[in-house]
Amino acid sequence: MFGLAPHPVKTPRGLVIGGGQVYAELNFTLPMMSINSNTLNEVYGHYREIAEGALERAVHLNSKGVVLEFETLLEMTKTPDIGVEIVKIMNEICEKYYQKHGLASEIRLTPNDLREFERPAKQRTSAYLEPMMELFEKGMIEGGDLLSIESTGGKEVSDEALMMCDVKGMVFALAVLGVRDMQFLWKKIVALANNHGKIAAGDSACGFANTAMVLAEKKYIPRVFASLVRVISVVRSIVAMEEGAVGPDKDCGYEGPFLKAITGIPISMEGKTAACAHLSPIGNIASACCDLWSNESVQNIKLLSGMAPTAYMEQLEYDARLMNQALIAGTVPSRILQQLLVASDVYTDPQALILSPENVIRISKELVKGDSYVANAKNGALAALDIIEEALRSGKMKLSELETSYLPILRDELNSIPENESDFVEMMLPLIDQSKFIPSEYGL
Amino acid sequence: MILYLLLFLNQTLNNNKMSELIEKLLEAVEFGKIDLKSPYPPQLRGMDGSQELTQKALETGINPQRILEEALIPAMGRVGKKFSENKIFVPQMLMSAKAMGASMIQLKPFFASGQMKSKGTFIIGTVKGDLHDIGKNLVAMMVEGGGWTIVDLGVDVGSERFIEALKNNPGAVVGLSALLTTTMVNMGDIVAGIRGFVPDTKILIGGAPVNADFCRSIGADFYAPDPQKAVEYLNKLAS
């Protein structure tokens, strides 16, 4: 259910995420501009304006709490002091609104994963790891209370697998390379968070599963394939929780409902209010189990009503207010609202279909029953295929022949995957262009 | 007279065989059949792929330029059209590109010897600070399928590398890609850098945050909203 997670997360300023209400999570970025020594004051000014505008609006709307997500851009992570200064600026504003108006807000600090700037990426030995971790540490000290990242382990393999609709390649990228990198990275993040009493929140398979969704929206790849990629991504994102992350998982991780079903953590989700950043077929259903409701990212540009982040703050607040009113009204009204959110999307697209709560539970059972991450990815994807085919047979969902022609191919490919990781690695290594990735950087 | 008739008959048979090979090669590339062993596409299973058909075509004496112009380029043209009309997905297009690649490997020596000419050279890269390359790769693949020689500079490319590539490929057209609002601005610097080196270089741009207005504002020549439009623009330049 939205707003309710088995293991809520309490933040320093008193948000209880997953503890009975949904909060808005605002995400934003700079308008078109360069980031260099000449523009730094302007950059800082944008973030000051964004935080002030958004929190002022939240106060006017009687918000019960807000999360501001700060996803850093290249220069802000490469030179951590820039990112740290922005956290400091925004945290001072959060504190001001907390003291003056009692508005609880927190900053989610999400450094961008710099390691992919080297090609092939050096996941474990990259010199870029140091500034990333420095930003995490200094940024959390300055007020980044929730820690997240969109880590990129396996992306050098998944990019091609996505374009080739290669489900075995995706399982290799996510359930082997992604898992191994998540284990490496999240040990470090969780240790840092624990040292400073901060919250290791979670990772997002944005560069994998959301890339698949966006490509499917552009009609570049089949939607049925994108829905399988979403399910496969769960086995890599859940590693953050296995290493000690407690949520809220990141907004662009649409694998969140599976993580919530399996681990009980609260999650952030985005849907129709993220149309400013990308289109999706899951605008309503995405909110069915959310604890934070996000807009993905919007530029700080002027709209007729005001600055875009302020306008999106208002949209998010109204969505959250409706869900919270349903929660106050009781179990039956909240279930009805959830059912409407689900029913309005569920049979319009296979990516929506797999996100309905009952299908999330069914697939999640398959995602945890195996003895390896590879087996779990395979079983989860096969369960998703079963669900899609059942919906097609029942006539509730309709897909073009171009889409359905991929179903038997995907099933055959999944069935050919051995469940043992080493057997699978042995099968895949000769098939993958090894000039594009370094096996030793994944401990292979 | 009989000798003349035999020669004529032989010539006709040879012409028919050549046309048949060209037609089969076109079909192999259009549907992504790389070689005899390839299981894709199912309807051509067990049949020669572009690799074998190109070899046979060359052995039969078909001019390599004809192979390019009558089989490969039209095949990729059909593929591009089907993709634009949402009749196929990228994986099918990539299989066609791979099939074309298998053919081009055998034709490459003829480019080097001057017996064959491409439509031109297209230098492409994702601009400095930006790592997003899925769109760029698609454009490169479709432009190559349109008969152009590609120089792919990869990602995070500044003006120096574009200029260096232009030095090595005089007269080439340049394509710039970006996905971020904070990297699209680097396109302006790169355009200015290129114009400073060769003022009349044709430059096209693409990527999620850019549009025709931005293209004009930085002095680039063409904004391509999708890969097919990039191919159409380049083909106009070549015609």
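Structure first, text after, so check above.
Conventions and cut-offs
Residues numbered from 1 in each chain as written. Chains lettered and ligands numbered in written order. Predicted model: local features only at pLDDT ≥ 70, side-chain atom pairs only at ≥ 80, totals over all residues. Heavy atoms only, no water. 1 Å grid on protein atoms, 1.4 Å probe; cavity = no way out; pocket = protein on both sides within 12 Å on 5 of 7 lines; lining within 4 Å. Points joined across faces, edges and corners; volume = space filled by probe spheres on them. Helix = DSSP H or I, 4+ residues; strand = E, 2+ residues; numbered from the N terminus. Nonpolar A, V, L, I, M, F, W, Y, C, P; charged D, E, K, R; others polar. Buried < 20%, exposed > 50% of the residue type's maximum accessible area, 1.4 Å probe, protein only. Contact = heavy atoms within 4.5 Å. Phe/Tyr/Trp six-rings, centres within 6.5 Å; stacked < 30°, edge-to-face > 60°. Lys NZ or Arg CZ within 6 Å of the ring centre and 35° of its normal. Pairing = 2+ DSSP bridges. Axes fitted to C-alpha atoms, helices over the stretch in contact; angles between N-to-C directions. Expected span 1.5 Å × (residues − 1). Bend = angle between axes of the 7 residues up to and from the residue. Polar contact = N/O pair within 3.5 Å; in protein donor to acceptor, adjacent residues only side chain to side chain. Right-handed = clockwise from strand over helix to strand, strands pointing away. Lys, Arg positive; Asp, Glu negative; His and termini not counted. Salt bridge = Lys/Arg side-chain N within 4 Å of Asp/Glu carboxyl O.

Chemist: Give me the lowdown on the layout of surface pockets, citing residues and values where you can.
Modeler: Remark: the empty space left among the atoms is shown by a probe the size of a water molecule rolled over them. Put simply, the second largest pocket is a space of about 1400 Å³. Contributing to the lining of the second largest pocket are 39 residues, with Met164(A), Cys165(A), Asp166(A), Tyr40(B) and Met95(B) lying nearest its centre. Among the elements of the structure, α5 (155-164), α6 (167-196) and α16 (406-415) of chain A together with α1 (2-31) and α4 (90-112) of chain B are those that each provide at least two residues to the lining of the second largest pocket. Here the lining of the second largest pocket is composed, by residue class, of 21 nonpolar, six polar and twelve charged.

Chemist: Quick one: what's the story with the side chain of Lys155(A), residue by residue and with numbers?
Modeler: All names here are of chain A. Structurally, lysine 155 is set in helix α5. Given the relative accessible area of 14%, lysine 155 is considered buried. If sequence neighbours within four positions are ignored, lysine 155 has contacts with Glu116, Gly207 and Phe208.

Chemist: So what's going on with the packing of aromatic side chains? Which residues, and what values?
Modeler: One pass over the full model with this rule turns up nine aromatic pairs over all chains. When the ring of Tyr406(A) is compared with that of Phe89(B), the centres are 5.8 Å apart and the planes differ by 65°; the resulting orientation is edge-to-face. Remark: Phe89(B) occurs in the loop between α3 (64-84) and α4 and Tyr406(A) occurs in helix α16; the pair is interchain, linking two chains. Relative accessible area serves as the criterion here: at 9%, Tyr406(A) is assigned to the buried category. Aromatic pair Phe437(A) and Tyr442(A): ring centres 6.2 Å apart, planes at 55°, arrangement tilted. The residues Phe437(A) and Tyr442(A) share a single accessibility class, namely buried. Seen from the ring of Phe117(A), Lys78(A) lies directly overhead, with NZ or CZ sitting 5.9 Å from the centre.

Chemist: Lay out the sheet that holds strand β7 (residues 199-203) of chain A in plain terms, naming residues and giving numbers.
Modeler: Residues and elements named next belong to chain A. Taken together, the seven strands give an open sheet; going across it, the order is β7-β6-β5-β4-β3-β9-β8, and neighbouring strands pair in parallel fashion. The open sheet has two edge strands, β7 and β8 (268-270), and neither has a second partner. Taken over all neighbouring pairs, the strand axes of this sheet differ in orientation by 30° on average, direction set aside. Together, β3 (23-27), β4 (66-71) and β9 (292-294) form the strand contacts of helix α10 (residues 308-329), whose direction differs from that of β3 by roughly 155°.

Chemist: Requested: an account of α3(B), with residues and values cited.
Modeler: All names here are of chain B. When the terminal C-alpha atoms of α3 are compared, their 28 Å separation across 21 residues agrees well with the 30 Å that a helix rising 1.5 Å per residue should span. At isoleucine 73, α3 is bent by approximately 25°, the largest bend along its length, and proline proline 74 sits one to four residues beyond. Two or three places before glutamine 65, at the start of α3, stands the capping residue asparagine 63, its side-chain oxygen 2.7 Å from that residue's backbone nitrogen. Remark: asparagine 86 follows α3 within two positions and exhibits a positive phi of approximately 60°.

Chemist: For the pairing of strand β3 (residues 173-177) of chain B, give the residues involved together with the corresponding values.
Modeler: All names here are of chain B. Most of β3 is tucked away: five of the five residues are buried. The pairing of strand β1 (residues 121-126) with β3 spans five bridges and is classified as parallel. When the sheet's bridge partners are listed, isoleucine 123 is paired in β3 with valine 174. Across four bridges, β3 lies against strand β4 (residues 203-206) in parallel orientation. Residue pairing across strands places glycine 175 opposite leucine 204, the latter belonging to β4. Handedness of the β3-helix α7 (residues 184-197)-β4 crossover: right-handed.

Chemist: A description of the environment of Gly256(A) should follow, citing residues and the corresponding values.
Modeler: Residue and element names in this part refer to chain A. Inspection of the secondary structure puts glycine 256 in helix α9 (residues 256-263). Using a relative accessible area of 0% as the deciding quantity, one classes glycine 256 as buried. Taking the C-alpha atoms as reference points, glycine 256 and glycine 202, separated by 54 residues in sequence, lie 9.6 Å from one another. Setting aside anything within four residues of it in sequence, one finds glycine 256 in contact with Asp249, Ile267 and Met269.

Chemist: Outline unusual backbone geometry, supporting the account with residue identities and numerical values.
Modeler: In this chain, Gly247(A) is followed by Pro248(A) through a cis amide linkage whose omega measures 0°. Look at the link from Tyr40(B) to Pro41(B): it is a cis peptide, with omega at -5°. Looking at the secondary structure, you find Pro41(B) in the loop between α1 and α2 (50-60). Located in the positive-phi region is Asn86(B), a residue other than glycine, with phi close to 60°. Here Asn86(B) is to be found in the loop between α3 and α4. Using a relative accessible area of 38% as the deciding quantity, one classes Asn86(B) as partly exposed.

Chemist: Give me the lowdown on the sheet that holds strand β5 (residues 222-223) of chain B, citing residues and values where you can.
Modeler: Residues and elements named next belong to chain B. Strands sit in the order β2-β1-β3-β4-β5 across an open sheet of five strands; the sheet is parallel. Each having just a single partner strand, β2 (149-152) and β5 make up the two edges of the open sheet. Each of β1, β2 and β3 touches helix α5 (residues 134-145); the most contacted strand, β1, lies at about 170° to it.

Chemist: I'd love a proper account of the side chain of Glu156(A), names of residues and values included.
Modeler: Residues and elements named next belong to chain A. In this structure, glutamate 156 sits in helix α5. Among buried Asp, Glu, Lys and Arg side chains, glutamate 156 stands out as unpaired, with arginine 119 the closest opposite charge at 8.0 Å. A polar contact is formed between the side chain of glutamate 156 and the side chain of tyrosine 442, at a distance of 2.7 Å. Apart from the residues lying within four places of it in its own chain, the contact partners of glutamate 156 are Ala121, Gln123, Lys436, Phe437 and Tyr442.

Chemist: Describe in detail the pattern of salt bridges, supporting the description with residues and values.
Modeler: Residues and elements named next belong to chain B. Taken as a whole, this structure holds 38 salt bridges over all chains when the rule is applied. Here lysine 82 and glutamate 30 are joined by a salt bridge, their closest N and O atoms 3.0 Å apart. Note that lysine 82 is positioned in helix α3 and glutamate 30 in helix α1, a separation of 52 residues in sequence. We note a salt bridge from glutamate 85 to lysine 87, for which the minimum N-O separation is 3.0 Å.

Chemist: Can you lay out empty space enclosed by the protein for me, pointing to particular residues and giving the numbers?
Modeler: Residue and element names in this part refer to chain A. Under the criterion given, the structure shown has one cavity of 30 Å³ or more. The volume enclosed by the largest cavity comes to roughly 40 Å³. Lining the largest cavity are Met213, Ala226, Ser227, Arg230, Ile282, Gln351, Ile354 and Leu355. The greatest single-element share of the lining of the largest cavity, amounting to three residues, is contributed by helix α8 (residues 223-242). Of the residues in the lining of the largest cavity, the class split is five nonpolar, two polar and one charged.

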